[in-house]
Amino acid sequence: MTTAAPAEVTEGDMAPRFPRLRELLYQRRGFSDTEKTAAALLLVATIVALIWANLPNSSYDEFWRSTISLQVGQTGIQLDFRSLVNEALMTLFFFVVGLEVKREFALGELSEWSRAVVPVAAAIAGLAVPALIFLIFNHSDQTSHAWGVVISSDTAFLLGALAIVGPRLPGHLRIFLLALAVVDDVGALAVIAIFYTDEVHIAPLIVAAVGLVVIWMLRYLRFGQGPAYLVLSLVVWGALYASGVQPTLAGVAIALVIPVYSPRRMEVERAAELSRAFRQSPNPAYAQAAVRGLLSSVSVNDRLHTLYAPYTSFIILPIFALANAGVHLDAATLAASFASPLTWGIIVGLVVGKFVGITGMTVLVKTLKIGVLAPGLTFGRVAGGAALSGIGFTIALFIIDLAIPDPALQDEARVGVLAATVIAFVLGWAVFRVVDKVQPPSKMSLVLARPVDAKRDHFRGPIDAPMQLVEYGDFECPFCSRATGSIDEVRAHFGSDLLYVWRHLPLTKVHPHATLAARASEAAALQGKFFIYGPTMFAHQDALELDDLLAYAVSLGMDVDRFEEDMRSSEVINRVRDDVIDAELMDVHSTPTFFVNGKRHRGPYDAASLIRELNASRTDRTAGDSPSRPPASGAAGSGASPHSAAGPIAGSTARTAPVGGSDDRGASSGRVGGGAGATEALRGWAPANGADVLDDAAPGPVTPSAPPAPPDAPALPDAPSPPVAPASPVAPAPPEEGTRRDLGLTEKH
């Protein structure tokens with residue numbers, strides 16, 4: 001009798017470990033696995049350090065006081081293990097911080113003052129108020145010098161805590177706190193450089209300055225950049241160490257002279273050519289050329305940040321916590337700590353100072369109308385983020401080692417930092433729970449987060465029309481393409497009583513070209529062609545590569561050089577990203593999704609269904625009025641006011657992540673292929689009275705008419721459904737997997 005072999009259990013069949021914790025972490029969108037894992041490792045290292053330091057006959061202090069030396073001739077460096085971590089390994093941490101600071105100020109959130117004024121002002125208050133509170137508790141010369149301990153938040157712990165106890169849909173809150181953390185880091189680094197450097201030797205400082213100049217010039221070196229950066233960085237670090245300046249600042253200084261830029265199309269195309277050459281003839285020479293081409297197409301800042309960020313998050317910061325968080329929590333230490341003004345100055349400074357400073361300055365700036373908060377970023381959410389900002393772990397422990405020479409006082413200060421971290425975490429959790437009760441996230445998904453803005457939105461119809469229809473769409477989505485016919489019928493039915501608005505929601509997981517297409521439409525809007533360019537992309541959804549998009553711009557008479565540059569501009573990138581964040585805040589994750597008069601539409605989106613819901617929700621009729629008006633004559637939208645076009649775009653001119661740019665100016669060739677719903681797409685968004693209408697106030701030449709519709713091509717294989725009947729109440733075809741989940745055909749859970 002044979003015994004059947006046990007069935008093989010694969011990884012996919014196994015129940016996940018810690019399912020409740022995984023569910024808690026992964027239901028919060030907008031946070032990367034890296035941020036969650038880094039915060040978890042930092043917490044584990046802190047607990048291990050506390051346990052190790054409080055074991056009987058602990059070897060914690062003895063181990064970290066062990067020395068290591070490097071001797072070359074008569075010159076050498078001798079450091080104990082803790083100093084090796086704090087002054088050598090942490091240089092790489094500050095290098096990564098410097099890269100982030102450089103990128104944010106050059107291309108990101110802080111590159112345009114209009115977008116950055118609120119978090120910048122809040123961060124400055126979050127630096128100053130805690131320091132003032134600390135000095136109220138500490139007047140003596142022995143402890144007053146440690147005011148820098150309370151000024152900075154720990155970015156890794158902050159984002160990790162936000163992922164665990166923050167709102168399920170963080171929206172703009174995470175970006176607000178990231179921008180705030182960058183300014184916070186700049187302030188902390190400046191304080192370390194100015195106030196915690198005792199004696200400066202000029203000659204080594206000159207060597208360091210020369211080394212930084214040479215590092216800046218390495219951008220012109222064609223070969224061997226990596227080894228050159230490494231050798232010169234070691235020279236700069238050693239020179240700063242010899243000069244008496246805190247050597248970790250070498251990391252920041254080096255990062256600030258490293259170039260950052262958006263990829264240029266010429267380099268990208270060159271890299272593609274080299275890769276094709278290697279594919280056709282694989283050999284070492286072509287392989288090296290292809291690698292160099294790929295690397296040179298991306299800025300050194302981006303490459304180095306991608307390379308070193310995992311090491312700092314997963315190795316260096318946990319080692320730092322292990323070396324510095326080991327406090328002897330015996331009765332004597334705890335008694336001395338909680339009777340010490342140093343400990344209480346740190347606790348109150350971090351917890352109360354950060355909360356009051358950040359929240360108060362945000363309210364003040366908003367009240368004085370100096371800046372504005374992003375959609376969904378309420379004062380309650382800012383207060384929750386401000387409470388979590390009291391977690392000042394990494395730089396706080398770092399400055400303790402610089403500012404306080406007495407070991408006993410260092411232990412008291414570390415107790416204050418650890419206590420403030422726990423209290424700030426609990427306070428942030430409490431604030432977010434209260435905010436969620438006052439304004440439940442479920443209600444936020446039912447209403448439009450950002451009101452229609454004539455200066456920012458793309459719209460058709462009078463801006464003061466009694467009815468609004470807002471669509472979140474994706475230019476590569478076949479359902480959005482087919483929905484344009486329904487929208488035309490709805491606009492024709494209501495005429496000037498309806499305002500139609502388009503907003504972006506590129507579903508990149510199922511539509512890889514959607515983000516590029518959205519940015520192309522925004523670049524077209526800057527030349528007054530948004531509602532002409534969009535139908536062109538709908539008609540050719542199988543041809544949305546960069547060359548195709550440039551070819552469409554040429555065919556519509558646009559300035560293609562300006563078009564390509566605008567696609568890479570942060571004004572365009574931020575405009576698309578803001579729409580995506582607004583959609584995330586409302587838990588919108590499928591296209592097309594409609595909002596009728598500010599309320600989310602559930603169910604089919606055929607013309608008859610939309611007309612019924614618009615009629616039911618309109619509030620401008622009296623009891624005796626007819627429920628709807630007859631369709632307007634002519635093309636869709638007949639009778640629309642002169643405002644029936646897209647409004648101008650309001651946004652920053654900051655530069656952020658690239659789209660793929662160009663330095664080779666001129667028209668690009670592209671293929672033109674008919675996609676599913678081509679006829680409907682070119683008919684969709686039809687201007688009033690059949691005339692092409694430009695975006696309001698948008699510059700650029702006027703194009704007399706949109707391109708003619710090409711012959712219909714076979715439908716896309718992933719959307720084999722017939723077009724929606726013009727006025728039929730029947731729902732559209734079943735959705736593409738992962739694209740439609742709120743058609744009313746399936747129930748959301």
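Position numbers for residues start from 1 in each chain and track the written sequence from start to end. Thresholds applied to this predicted model are a pLDDT of at least 70 for local features of residues and 80 or more for the giving and counting of side-chain atom pairs; totals over whole chains, interfaces and linings are not thresholded and use all residues. No hydrogens and no water enter the side-chain calculation; it runs on all heavy atoms of the structure.

## Some details on the overall build of the chain
Keep this limit in mind: Helix numbering and strand numbering both begin at the N terminus, where a helix is a DSSP run of H or I of at least 4 residues and a strand a DSSP run of E of at least 2. Only protein chains enter the accessibility calculation, which uses a 1.4 Å probe; a residue whose area is less than 20% of its type maximum is buried, one above 50% is exposed, and one in between is partly exposed. Contact criterion: two residues are considered in contact whenever any of their non-hydrogen atoms come within 4.5 Å of each other. Using the Shrake-Rupley algorithm and a 1.4 Å probe, accessible areas are obtained, with residue cover drawn only from the displayed protein chains.
A count of helical and extended segments in the chain gives 28 helices and 7 strands. Looking at the chain as a whole, 53% of its 749 residues qualify as buried. In the chain, the proportion of contacts linking residues at least 24 apart, taken out of those at least 6 apart, comes to 83%. Within the structure as shown, the chain displays about 32500 Å² of accessible surface, and the carbon and sulfur contribution to it stands at 64%.

## A closer look at the sheet that holds strand β5 (residues 498-504)
Condition: Strands were regarded as paired on the criterion that DSSP finds at least two bridges between them.
Here 5 strands make up an open sheet; going across it, the order is β3-β5-β4-β6-β7 and the pairing mixed. With one partner strand each, in any of the chains shown, β3 (458-460) and β7 (599-600) form the two edges of the open sheet. In this sheet, strand β6 (residues 593-596) lies alongside strand β4 (residues 467-473) in antiparallel orientation, the contact comprising 4 bridges. Bridge pairing in β6 places valine 470 opposite phenylalanine 595.

## Here's the deal with the state of the cysteines
What is meant by a disulfide is a covalent connection between two cysteines, made through their sulfur atoms. We count it as follows: Any two cysteine sulfur atoms lying within 2.5 Å of each other are counted as a disulfide.
This structure, assessed with the given rule, holds 0 disulfides. Cysteine 477 takes part in no disulfide bond, and the closest cysteine sulfur to it belongs to cysteine 480, at a distance of 3.6 Å. On the accessibility criterion, cysteine 477 (0% relative accessible area) is buried.

## A look at the packing of aromatic side chains
Spelled out, the test is: When two rings of Phe, Tyr or Trp (its six-membered ring) have centres within 6.5 Å they constitute a pair, described as stacked for plane angles under 30 degrees, edge-to-face for angles over 60, and tilted for the intermediate range.
On inspection of all chains with the given rule, the structure shows 22 aromatic pairs. Between the aromatic rings of phenylalanine 63 and phenylalanine 81, the centroid separation amounts to 5.3 Å while the plane-to-plane angle is 70°, which identifies the pairing as edge-to-face. Of this pair, phenylalanine 63 sits in helix α3 (residues 60-64) while phenylalanine 81 sits in helix α4 (residues 81-106), placing them 18 residues apart in sequence. Each ring, one from tryptophan 216 and one from tyrosine 220, has its centre 6.1 Å from the other, and the planes form 75°; the classification is edge-to-face.

## Remarks on helix α26 (residues 570-585)
What counts, and what does not: Expected span, for any helix, means 1.5 Å times one less than how many residues it has.
When the terminal C-alpha atoms of α26 are compared, their 21 Å separation across 16 residues agrees well with the 22 Å that a helix rising 1.5 Å per residue should span. Where burial is concerned, most of α26 is hidden: 13 out of the 16 residues are buried. Just downstream of α26, aspartate 587 is the residue with a positive phi angle, here 60°.

## Remarks on a nonpolar patch on the surface
Quick reminder of the rule: Residues enter patches when their relative accessible area tops 30% and they take part in no salt bridge; the joining distance is 9 Å for like charges and 5 Å for the nonpolar side chains Val, Leu, Ile, Met, Phe, Trp and Tyr. Whenever a carboxyl oxygen of Asp or Glu lies within 4 Å of a side-chain nitrogen of Lys or Arg, that contact is scored as a salt bridge.
A cluster of nonpolar residues, Ile136, Phe137, Leu329, Leu334, Phe338 and Trp344, forms a patch on the protein surface that exposes about 530 Å² of accessible area. Counting residues per element, the ones that place at least two in the nonpolar patch are α5 (113-137) and α15 (331-338). By the secondary structure assignment, leucine 334 is in helix α15. On the accessibility criterion, leucine 334 (32% relative accessible area) is partly exposed.

## Overview of the side chain of serine 243
With respect to the helices, strands and loops of the structure, serine 243 is situated in helix α10 (residues 225-243). Taking relative accessible area as the criterion, serine 243 reaches 0% and is therefore assigned buried. Dropping the residues within four chain positions of it, serine 243 is found in contact with Glu199, Val200, His201, Pro204 and Leu205.

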